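Structural overview
Each chain, letter by letter, is given below.
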2 protein chains.
Amino acid sequence: MTRYESVAAVLRERIEHGLYRPGDRLPSIRAVCQEMDVGISTAQEAYRQLMDAALIESRPKSGYFVLPGYAPSVLPSASRPAQRPLDVSQWDQVLELIATRRDDDRLQLGRGVPNLECATLKPLSKILGGLHRRTELNGFNYDTLIGSPELRQQVAKLAVASNCLLHPDDILITTGCQEALAIALRILTQPGDVVAVDSPSFYGTLQILKANGLKALEIPTDPQTGISLEALELALEQWPIRAIQITPTFNNPLGYTLPAERKRALVQLAQRFDVAIIEDDIYGDLAYAQPRPPTVKSFDDDGRVLLCSGFSKTLGPGFRVGWLAPGRYRDQALHMKYVSTGASATLPQRAVAEFIAKGHFDRHLRAVIRQYQRQRDVMIGWVQRYFPPGTGISYPQGGFLLWVELPAAVDCVRLNDRLAEHRLHVAPGALFSASGKFRQCLRLNYAFTLTPDIEDAVRRVGALAGAMVEEALQPLE
Amino acid sequence: MTRYESVAAVLRERIEHGLYRPGDRLPSIRAVCQEMDVGISTAQEAYRQLMDAALIESRPKSGYFVLPGYAPSVLPSASRPAQRPLDVSQWDQVLELIATRRDDDRLQLGRGVPNLECATLKPLSKILGGLHRRTELNGFNYDTLIGSPELRQQVAKLAVASNCLLHPDDILITTGCQEALAIALRILTQPGDVVAVDSPSFYGTLQILKANGLKALEIPTDPQTGISLEALELALEQWPIRAIQITPTFNNPLGYTLPAERKRALVQLAQRFDVAIIEDDIYGDLAYAQPRPPTVKSFDDDGRVLLCSGFSKTLGPGFRVGWLAPGRYRDQALHMKYVSTGASATLPQRAVAEFIAKGHFDRHLRAVIRQYQRQRDVMIGWVQRYFPPGTGISYPQGGFLLWVELPAAVDCVRLNDRLAEHRLHVAPGALFSASGKFRQCLRLNYAFTLTPDIEDAVRRVGALAGAMVEEALQPLE
Ligand SMILES: Cc1ncc(COP(=O)(O)O)c(C=O)c1O
Ligand SMILES: Cc1ncc(COP(=O)(O)O)c(C=O)c1O
């Protein structure tokens, strides 16, 4: 965090805890400088950030005030998924979200795509452009099945930040994180098996369960502390669970991060019931504060955690470069990788490895993280301003996805139908459940540059949602 | 075919039919010019080709002679695989073939990799190098799930040559042909199901069966006419077969091409028993004669054929660009594609599409086809010269793979052990069977530039195989 971000964070916390209430005047710039030992421009920048986030306003000649309309953001209530294994449905909805055609002119507010226009990504284009001349790379030929040694080495180095000590040979390069997840689930299960998942949960994983005839056991998950270990323990006693699949850091979609001690407890629980854990860490490197949270894998001392990640959320999904650290399941994972797609594409692996080795990746991460943190606050401000009262909003500490829980009267699949006329689309909450729960929830992306167009789009979503609440209040004729 | 190639083909046929026998003098250059109405240099070039192929020799001042050691190539005997469904094994052997490390200095005579050093491939490097600058391509973002429209359009155009009328939307771009095969098998089967395969059969497909708990029913296959439809019919009556998987054109490894009328009959058989056909056509575009053979898919009038192909054998496997025409199984295939790897990588698809659209692909195909045909004859010549008597050799009409059947005394897995000392490796026949049959067979690749080093390597393989035959003849002490 920069200086002004720390100052803004302190002020924000006081506002959120009600120390300054809506309409209250905030300390003067001078007072802030004194208290926090910073310069005037830092204090001003901090206030500017809080204004961008729509928490406060500046009144000419009077100073800064908490916005009169500000309501401390209500976190979504803890999810209460059904406590029995379910077949996964919702493929049509997923298809509508992901199978966009290139001539689709809808503004998709909910897709899980990072900002691809950062200047810090430019060197990657350059590297890609140069690779074709380097014939010694054998870019036209198969790479090694397990993945390019150069890339595996870089991945092993990066993993240290999450407290993971991986040897490059412990890592298998995959065709996107999706393939890592699919391989993990395929080697651990047979059709009909039960897999425990946090809930809501990434639709891509749920659809793997569907395609492989697996049943999802959705474990209640708290928007702040994450999956309930108590509920998970009960479930492990009750059902023949073959694997626990979880995104415990900057969870998609809920935003939660399982605290480190609960990550350790999760491993112990899995050991007690002798079950494998499939950990999806794809947002883990996008932490707003350093050091980034440890992975569940970092507490794994007997190789039962299969760690899935990749570069789709940090560099771009178009390269399809992901990875899997399969622990004790290495041989099965390598076989499943071979039969599924053979070796991964050669040149993208080399490009990513070079981008990291030359220090561009660190620089890029620092830039986007700052941007995402700032934009989280802006987006939260918009949702608070434009969405109907009673709306709950997540408060993620990394990544670029916001989970919004609307009043029960709003059905976000129907909301999407209405949004279609405006060429808008959100990710409806039902995607994230095996059985279409979370109908009043939606996911927003705050990675793109937040232009007035986006604000206008958020405003429309809020207005249409508000209309649905109103309609529900009308007495039936 | 060029002029001189036609002349050489006519002469070769006469030799093969015994019109000129080993040691016989061939017609003079002048006689050839008169008979075939060609110029002197064409006749000379034709003779040079036959010399390269080790069919004939030139004796100073006397003319051209059929090589004294020449024996008309004996085709391998028809395979007789076990007629019951089997679990697939052999993964260790496959791993040894494919999981080569980059510092592996073995000369691999058996890998299924095309010639990657052709000048006609150069424009592809150029195109790849230029793509990174074209930001409108959105190369960092996901492509459409079904695949880039530009590439699907080109694939549909190419398919016309195989008599297939496909709409671009009938085609799904995959991560290599391997993913197309894996998707097809996964949507058609459940663990425990039986799949009929030609035999010998590509190990990559057999390993998919293994990974998914499927059983292989190996159908006897003739090296010239291909899979026995009679045996297949019997098998369909006897076993609950869920799919027929076959590589009916320039088969890997046997080299056979199922005649067109038998392809039609295969579809009718599948209709009668209501079973799906998974057709692997990855070598189909590498036909030495035009027009290329039709696909089984071209006879499919009710969408039961799932056609798998790609650019790994024509351009290079490092791009991982394959495709699947899933017929009536489109929805399931799209879902399985999504859960397995998501959308395919963006830029490689665009590069391949542009390479084809600009006419480079046609030019490249023409060049490599000529080269492969020439090199087939050279490689056959070497095997005839250096391998023990009684060795059978396939005579493929396309592709770049040779199937060699050695005397029964030779075990090619053990042969590979001995070759390891010489830093040589062949693809042992056992890879191509669910249960390790074809132990006395091996597969050779004649796509690489056939240098004296390669000749020397083939000579060593032959000598070591010969030694194994000798050892078997020694009376046991
Ligand atoms: C939690 C999570 N895991 C995995 C993926 C898939 O990543 P990739 O595009 O690398 O396959 C996503 C992307 O949406 C995701 O959000
Ligand atoms: C018959 C056959 N099918 C499929 C493949 C796999 O092709 P790809 O590298 O495109 O996955 C091969 C490659 O060895 C092959 O020989």
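An unreviewed UniProt entry annotates chain A as PLP-dependent aminotransferase family protein of Vreelandella malpeensis. You can read under Sequence similarities (unreviewed entry) in the UniProt record for chain A the words "In the C-terminal section; belongs to the class-I pyridoxal-phosphate-dependent aminotransferase family."

Turning to the overall build of chain A, a few remarks are in order. Helix and strand content of chain A: 15 helices and 16 strands. Against the 2.2 N^0.38 benchmark of 23 Å for 477 residues, chain A shows a C-alpha radius of gyration of 23 Å, consistent with a compact globule. Expressed as lengths along the three principal axes of its C-alpha atoms, the size of chain A is roughly 70 × 60 × 50 Å. Relative to its 477 residues, chain A shows a buried fraction of 63%. In chain A, of all internal contacts separated by at least 6 residues, the share reaching a separation of at least 24 is 75%. Working note: accessible area of chain A is about 18300 Å², and carbon and sulfur atoms make up 50% of it. Looking at chain A, you have 53 positive and 52 negative side-chain charges, and the mean spots of the two groups are 4 Å apart.

Right, let's talk about helix H5 (residues 122-131) of chain A for a bit. For H5(A), every residue scored as buried is listed here: Leu124(A), Ser125(A), Ile127(A), Leu128(A), Gly129(A) and Leu131(A). At its buried positions, H5(A) is contacted by helix H12 (346-357) and helix H13 (360-386) of chain A together with helix H5 (122-131) and helix H12 (346-357) of chain B.

The next subject is the sheet that holds strand E11 (residues 321-325) of chain A. Residue and element names in this part refer to chain A. Read from one edge to the other, the open sheet built from eight strands follows the order E4-E11-E10-E9-E8-E5-E6-E7, with strand pairing classed as mixed. The open sheet terminates on both sides in strands that have one partner only, identified here as strand E4 (172-175) and strand E7 (226-227). Bridging between strand E5 (residues 194-199) and strand E6 (residues 215-222) involves six bridges; their strand directions are parallel. The residue of E6 that forms the bridge with valine 194 is lysine 215.

A few words on the site of ligand 1. Inspection of the region around ligand 1 gives 13 residues, with Asn252(A), Asp280(A), Ser312(A), Lys313(A) and Tyr142(B) positioned closest. In this structure, Gln178(A) approaches ligand 1 through a main-chain N or O atom, which is 2.8 Å from an oxygen atom. At 2.7 Å, a side-chain N or O of Asn252(A) approaches an oxygen atom of ligand 1. A total of 400 Å² of accessible area belongs to ligand 1 in isolation, and the protein chains cover 97% of it.

Moving on to the environment of Gln90(B). All names here are of chain B. Secondary-structure assignment places glutamine 90 in the loop between strand E2 (63-66) and helix H4 (91-98). A relative accessible area of 16% means that glutamine 90 is categorised as buried. Here the alpha-carbon distance between glutamine 90 and leucine 431, two residues 341 residues apart in the chain, equals 6.0 Å. Once residues within four sequence positions are removed from consideration, glutamine 90 is found in contact with Gln207, Ala430, Leu431, Ser433, Ala434, Ser435 and Gly436.

Looking now at the site of ligand 2. Taken together, the neighbourhood of ligand 2 is formed by 13 residues, with Tyr142(A), Asn252(B), Asp280(B), Ser312(B) and Lys313(B) sitting nearest. Those residues lying near ligand 2 are distributed over chains A and B. A distance of 2.6 Å separates an oxygen atom of ligand 2 from a polar atom in the side chain of Asn252(B). Starting from 400 Å² of accessible surface for ligand 2 in isolation, the protein chains cover 97%.

Turning our attention to the relation of the copies chain A and chain B. With an RMSD of 0.4 Å, chain A superimposes on chain B once it is rotated by 180° and translated 0.1 Å along the axis. Such a combination of rotation and displacement between the chain copies is what one expects of a two-fold axis. Closest approach to the rotation axis among the C-alpha atoms of chain A is made by Gly129(A), whose C-alpha sits 2.0 Å away. Same-surface contact between copies: 100% of interface residues of chain A are shared with the interface of chain B.

With that settled, the discussion passes to the sheet that holds strand E16 (residues 441-445) of chain A. Residue and element names in this part refer to chain A. Judged by pairing direction, the sheet is antiparallel, and its four strands sit side by side in the order E12-E13-E16-E15 without closing on themselves. The sheet is open, and its two borders are formed by strand E12 (392-393) and strand E15 (427-428), each paired with just one other strand. Alignment of E15 against E16, held across two bridges, turns out to be antiparallel. Counterpart to proline 428 in the pairing with E16 is leucine 442.

Summed over all chains, the structure comprises 20 aromatic pairs over all chains. Feature note: the residues Phe202(A), Tyr203(A), Trp403(A), Phe432(A) and Phe438(A) constitute an aromatic cluster, connected by ring pairs. The ring of Tyr395(B) carries Arg376(B) above its face, with NZ or CZ at 4.1 Å from the centroid.

Moving on to the interface of chain A and chain B. Counting from both sides, the interface comprises 62 residues of chain A and, opposite them, 62 residues of chain B. Applying the counting rule to chain A against chain B returns 14 residue pairs in polar contact (both at pLDDT 80 or more). Mapped by element, the contributors of at least two residues to the side of chain A that touches chain B are helix H4 (91-98), H5, helix H6 (149-159), helix H7 (176-188), helix H8 (203-211), helix H11 (330-341) and H12 of chain A. Take the side of chain A that touches chain B: its biggest share by element is seven residues, from H11(A). Residue composition of the side of chain A that touches chain B, grouped by class: 29 nonpolar, 21 polar and twelve charged.

So, on to the domain arrangement of chain A. Residues and elements named next belong to chain A. Per the domain assignment, the segments of chain A are domain 1 (3-66), domain 2 (104-116 + 362-473) and domain 3 (119-361). At the interface, 31 residues of domain 2 touch 32 residues of domain 3. Summing both partners gives a buried area of about 2700 Å² for domain 2 against domain 3, and 62% of it is carried by carbon and sulfur. It is His364, Ile369 and Phe432 that lose the most area in domain 2 upon contact with domain 3, and together they represent 22% of the buried surface on that side. At the boundary of domain 2 with domain 3, the tally comes to one salt bridge. Across the salt bridge formed by glutamate 218 and lysine 437, the nearest N and O atoms sit 2.4 Å from each other. The interface formed by domain 2 and domain 3 includes 19 residue pairs in polar contact (both at pLDDT 80 or more). Listing elements by their share of the side of domain 2 that touches domain 3, those giving two or more residues are H13 and strand E13 (401-405). If one sorts the elements of the side of domain 2 that touches domain 3 by residue count, H13 sits on top with ten residues. Among the residues forming the side of domain 2 that touches domain 3, the class breakdown is 16 nonpolar, ten polar and five charged.

Counting residues in each nonpolar core, the largest one holds 286 residues, and the members touching the most others are Phe311(A), Leu415(A), Leu442(A), Phe311(B), Leu415(B) and Leu442(B). Each residue touching Leu415(B), except ones within four places of it in the same chain, is listed here: Val410(B), Leu442(B), Val461(B), Leu464(B), Ala465(B) and Met468(B).

About the cut-offs
- The written sequence of each chain sets the order in which its residues are numbered from 1.
- Chains and ligands are labelled sequentially in the order written, the chains with letters from A and the ligands with numbers from 1.
- pLDDT decides what is reported in this predicted model: residues at 70 or higher carry local features, side-chain atom pairs at 80 or more are listed and counted, and totals for whole chains, interfaces and linings draw on all residues regardless.
- Calculated side-chain values reflect all of the structure's heavy atoms, with hydrogen atoms and water omitted.
- UniProt positions are given in the numbering used here, feature names are shortened, and annotations may be inferred rather than shown by experiment.
- Counting from the N terminus, the helices are the DSSP runs of H or I reaching at least four residues and the strands are the DSSP runs of E reaching at least two.
- For a compact globule the rule gives 2.2 Å times the number of residues to the power 0.38, and the radius of gyration it is set against comes from C-alpha atoms.
- Here the term buried applies to any residue with accessible area under 20% of the maximum for its type, exposed to any over 50%, and partly exposed to those in between, with areas from a 1.4 Å probe on protein chains only.
- Only heavy atoms matter for contacts: two residues are in contact if any of them lie within 4.5 Å across the pair.
- Using the Shrake-Rupley algorithm and a 1.4 Å probe, accessible areas are obtained, with residue cover drawn only from the displayed protein chains.
- As used throughout, the charge tally considers Lys and Arg to be positive and Asp and Glu to be negative, leaving His and the chain termini uncounted.
- The atom standing in for a charge is NZ when the residue is Lys, CZ when it is Arg, CG when it is Asp and CD when it is Glu.
- At least two bridges found by DSSP between two strands are what make those strands a pair.
- Here a residue is considered near a molecule or strand provided that any single heavy atom belonging to it is located within 4 Å of it.
- What qualifies as a polar contact is a pair of N or O atoms within 3.5 Å, subject to a donor-acceptor requirement within protein and to the restriction that residues adjacent in sequence count only when both atoms come from side chains.
- When the copies are superposed, the least-squares fit draws on C-alpha atoms of residues that have pLDDT of at least 70 in both.
- For this analysis, a ring pair means two rings from Phe, Tyr or Trp (six-membered ring only for Trp) whose centres lie within 6.5 Å, classed as stacked if their planes differ by under 30 degrees, edge-to-face if by over 60, and tilted for the remaining angles.
- The rule is short: NZ of Lys or CZ of Arg within 6 Å of the ring centre and within 35 degrees of the ring normal puts a charge over the ring.
- When residues are sorted by character, Ala, Val, Leu, Ile, Met, Phe, Trp, Tyr, Cys and Pro go into the nonpolar class, Asp, Glu, Lys and Arg into the charged class, and all the rest, Gly among them, into the polar class.
- Each domain's limits were defined by an automated method or a database of domain assignments.
- Joining two parts hides part of their accessible area as seen by a 1.4 Å probe, and the buried area is that hidden amount summed over both.
- Any Lys or Arg side-chain nitrogen found within 4 Å of a carboxyl oxygen on Asp or Glu counts as a salt bridge.
- Residue types Ala, Val, Leu, Ile, Met, Phe, Trp, Tyr and Cys, when buried and joined through side-chain atoms within 4.5 Å, form a set referred to as a nonpolar core.

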